[in-house]
Amino acid sequence: MRCFWFVGRLFIVVDIVVRLSELHDFFGAYFHQDWVIEYGAAEQVIDAFLADSDPEDLKLIQQELGFLLEQRKSERELKEYLLKELSCYYCYWNEWESGEAWLCHIAKKLGSKI
């Protein structure tokens, strides 16, 4: 996230790193490098997470998904962010038109259980 301030005549730009810890834990624990061996399909991963989680955790993940989507990252940036920052090893582009569509799908599924 980038913040802007005017101090006197100076315009200051500060990059703020926002850690999406709940989202990182979700992707790292469920969409890890061996997820396909453990679950077989991405929908099974999401369903397992829904079954394992309480409503408070689902709400936190949904909020962090919303925050990530609000950043309007390009498709390339989103792919890189999901892999490098959130430890997500699911190649959504093989099944979904975009990362945004896939993340919205997850948020909707979480919302149905809250």
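None of these values were measured; they are calculated from a predicted model.

Parameters and conventions
Residues numbered from 1 in each chain as written. Predicted model: local features only at pLDDT ≥ 70, side-chain atom pairs only at ≥ 80, totals over all residues. Heavy atoms only, no water. Helix = DSSP H or I, 4+ residues; strand = E, 2+ residues; numbered from the N terminus. Buried < 20%, exposed > 50% of the residue type's maximum accessible area, 1.4 Å probe, protein only. Contact = heavy atoms within 4.5 Å. Areas by Shrake-Rupley, 256 points an atom, 1.4 Å probe, with all protein chains shown as cover. Core = buried A, V, L, I, M, F, W, Y, C linked by side-chain atoms within 4.5 Å. pLDDT = per-residue confidence, 0-100. Phe/Tyr/Trp six-rings, centres within 6.5 Å; stacked < 30°, edge-to-face > 60°. Salt bridge = Lys/Arg side-chain N within 4 Å of Asp/Glu carboxyl O.

1. Describing the overall build of the protein
Line of reasoning, step 1. The helix and strand inventory of the protein stands at 6 helices and 2 strands.
Line of reasoning, step 2. Walking the protein from its N terminus toward its C terminus, one meets helices and strands in the order β-β-α-α-α-α-α-α.
Line of reasoning, step 3. Counting across all 114 residues of the protein, residues that qualify as buried make up 34%.
Line of reasoning, step 4. The long-range share in the protein, meaning contacts at least 24 apart out of those at least 6 apart in sequence, stands at 56%.
Line of reasoning, step 5. Accessible area for the protein stands at about 7,400 Å²; split by element, carbon and sulfur atoms hold 52% of it.

2. Topic: the nonpolar core
Line of reasoning, step 1. Counting 31 residues, the largest nonpolar core has Phe27, Phe31, Trp102 and Leu103 as its most contacted members.
Line of reasoning, step 2. Every element with two or more residues in this core is listed here: helix H1 (21–30), helix H3 (42–52), helix H4 (55–70), helix H5 (75–85) and helix H6 (99–113).
Line of reasoning, step 3. With residues near it in sequence (within four places) discarded, phenylalanine 27 still touches His32, Leu82, Leu86, Ser87, Cys88, Trp102, Leu103 and Ile106.

3. Comments concerning the confidence of the model for the protein
Caution applies to low-pLDDT regions: their predicted coordinates should not be interpreted in detail.
Line of reasoning, step 1. Of all residues in the protein, 84% have pLDDT values of 70 or greater, and the mean over the chain is 87.
Line of reasoning, step 2. No element of the protein has a lower mean pLDDT than strand E2 (residues 10–15), at 45, and none a higher one than H3, at 96.
Line of reasoning, step 3. The low-confidence segment residues 2–6, where pLDDT is below 50, has 15 contacts with residues more than four positions distant or belonging to other chains.
Line of reasoning, step 4. Across residues 11–17 the pLDDT falls below 50, and counting only partners more than four positions away or on other chains, this stretch makes 18 contacts in the model.

4. Things to note about the packing of aromatic side chains
Line of reasoning, step 1. Counting across every chain of the model gives 14 aromatic pairs.
Line of reasoning, step 2. Summarising the aromatic geometry, the rings of phenylalanine 26 and phenylalanine 27 are spaced 4.9 Å apart at their centres and angled 50 degrees between planes, so their arrangement reads as tilted. Note on accessibility: phenylalanine 26 and phenylalanine 27 belong to one class, buried.
Line of reasoning, step 3. Ring centres of tyrosine 30 and phenylalanine 49 lie 5.1 Å apart, and the angle between their planes is 80 degrees; on these two criteria the pair is classed as edge-to-face.

5. Brief notes about the pattern of salt bridges
Line of reasoning, step 1. Counting across every chain of the model gives 3 salt bridges.
Line of reasoning, step 2. Here lysine 109 and glutamate 43 are joined by a salt bridge, their closest N and O atoms 2.9 Å apart. A residue pair is termed long-range when its members are at least 10 positions apart, and lysine 109 in helix H6 and glutamate 43 in helix H3 qualify at 66 residues.
Line of reasoning, step 3. When its relative accessible area of 29% is taken as the criterion, glutamate 43 is described as partly exposed.
Line of reasoning, step 4. Between glutamate 100 and arginine 72 there is a salt bridge, with its nearest N and O atoms 3.5 Å apart. With glutamate 100 in helix H6 and arginine 72 in the loop between H4 and H5, this residue pair connects regions lying 28 residues apart in the sequence.
Line of reasoning, step 5. Under the relative-accessibility criterion, glutamate 100 is labelled partly exposed at 38%.
Line of reasoning, step 6. Arginine 72 sits in the exposed class, given a relative accessible area of 62%.

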